[in-house]
Amino acid sequence: MKVLLSDAVKDYDTCRVLDIGSLEFTKGIYAILGSNGSGKSTLMSCMAGLECLSEGSILYDGRKLDANLRNSISILVQKPYLFNKTSYENIVSGLKYKRTPKEELQKRFDKYKSYFEVDDLLNKKSSWLSGGERAKIALLRTAVLETELTMLDEPTAAMDIESSMRAENLIRQMAENNRTVILITHDVHQAKRIADQVIFMDKGKIIEMGKAENVLNNPANKLVRQILNI
Ligand SMILES: Nc1ncnc2c1ncn2[C@@H]1O[C@H](COP(=O)(O)OP(=O)(O)OP(=O)(O)O)[C@@H](O)[C@H]1O
Ligand SMILES: [Mg+2]
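Residues numbered from 1 in each chain as written. Chains lettered and ligands numbered in written order. Predicted model: local features only at pLDDT ≥ 70, side-chain atom pairs only at ≥ 80, totals over all residues.

Enquirer: Let's hear about the sheet that holds strand β2 (residues 15-25): which residues, and what values?
Expert: Reading across from one edge, β2-β1-β4 is the order of the 3 strands in this open sheet, with antiparallel pairing throughout. Whereas interior strands pair on both sides, the edge strands pair on one side only; in this sheet they are β2 and β4 (55-60). If you compare each strand with its neighbour and ignore which way they point, the axes differ by 20° on average. The strands that helix α1 (residues 40-47) touches are β1 (3-12), β2 and β4; relative to β1, the one it contacts most, it runs at about 120°. (Pairing = 2+ DSSP bridges. Helix = DSSP H or I, 4+ residues; strand = E, 2+ residues; numbered from the N terminus. Axes fitted to C-alpha atoms, helices over the stretch in contact; angles between N-to-C directions. Contact = placed C-beta atoms within 7 Å.)

What follows is the structure in structure tokens.
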């Protein structure tokens, strides 16, 4: 999905937390990096329609966000909420909401659950899960939706190393068939492993963006060079 932001501004009271002249996403995996409070989650919330921009516009394949388009977009927020139900029920909750036929629902569930070893968790209530286990269930709940545009806000922050690797395989799968994944991460190595494009943010602005290889190995911006220790 082609997403185009133009003169996108978000203010909270007198504080400008997002100020982006122009930004375009097409297919593949985009990693967004940047320090705490730089506006990454705000950008994602606005793109998912959870928050409104104060100024500017976001177009999805040339259109404004409407009910139809919302079906092609999913977001895993930074602190995902799980329903007080079993892990299985949580994973398929979005599909049930979309009234997905039973057979298709089962097919999707079977396809994605194998990315993590979660068999022991499926009948457990979400309130009993550990932080990393919750993160896996939340990521699976997003993955089964198979949306054209998937946004993930630090999906592996609570996961152990092996689980993060499994999550990265799943994220690669989410971008197959010319789909788009936008991934917020603090892990430069993760961005190196899976991103096609990398965006660095600071104080609400894009300070560097381009092909992952170029941005991560030879950034022009001084602050980015400092962060990457180059
Ligand atoms: N509802 C709100 N009211 C006021 N300020 C807000 C609100 N939501 C976010 N902010 C501020 O906007 C700025 C950007 O926040 P945001 O959550 O987008 O940062 P982030 O880049 O995702 O940071 P982190 O890496 O810590 O997740 C922060 O300074 C934050 O305090
Ligand atoms: Mg954030």
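Let's pick the thread back up.
Enquirer: Please set out helix α5 (residues 131-143) residue by residue, giving values where relevant.
Expert: Here α5 contains 13 residues, and its C-alpha end-to-end distance of 18 Å stays within 8% of the 18 Å for a straight helix at 1.5 Å per residue. Among all positions of α5, only E133, R134, A135, K136, I137, A138, L139, L140, R141, T142 and A143 are buried. In this structure, the buried side of α5 is in contact with β5 (73-76), α3 (87-97), α4 (102-113), β6 (149-153) and α6 (161-174). (Expected span 1.5 Å × (residues − 1). Buried ≥ 20, exposed ≤ 12 C-beta atoms within 10 Å, placed from the backbone.)

Enquirer: Describe the site of ligand 1, with residues and values.
Expert: In the vicinity of ligand 1, the contacting residues are Y12, V17, G34, N36, G37, S38, G39, K40, S41, T42 and Q78. The leading source of residues in the shell around ligand 1 is α1, at 3 residues. Considered class by class, the residues forming the shell around ligand 1 number 2 nonpolar, 8 polar and 1 charged. (Near = placed C-beta within 6 Å. Nonpolar A, V, L, I, M, F, W, Y, C, P; charged D, E, K, R; others polar.)

Enquirer: Which residues make up the pairing of strand β8 (residues 197-202), and what values do they have?
Expert: Buried residues dominate β8, accounting for 5 of its 6 residues. Pairing of strand β3 (residues 28-34) with β8 involves 5 bridges; the strand directions are parallel. Opposite L33, over in β8, you have F200 as the bridge partner. Linking two consecutive strands that pair antiparallel, namely β8 and strand β9 (residues 205-211), is a turn of 2 residues; a positive phi of about 50° is found at K203 within it.

Enquirer: Go over the packing of α5 against α6, please, and point to the residues and values.
Expert: At a closest axis distance of 11 Å, the pairing of α5 and α6 adopts a crossing angle of 10°. Relative to α6, α5 is oriented roughly parallel. Touching G132, K136, L139 and A143 of α5 are S163, A167, L170 and M174, all from α6. (Parallel < 35°, antiparallel > 145°, perpendicular 65-115°, else oblique.)

Enquirer: Can you lay out the environment of G56 for me, pointing to particular residues and giving the numbers?
Expert: Take G56: it is sitting in strand β4. G56 gets classed as partly exposed once you count the C-beta atoms within 10 Å, which come to 17. Sequence separation between G56 and Y97 is 41 residues, and the spatial gap between their C-alpha atoms is 31 Å.

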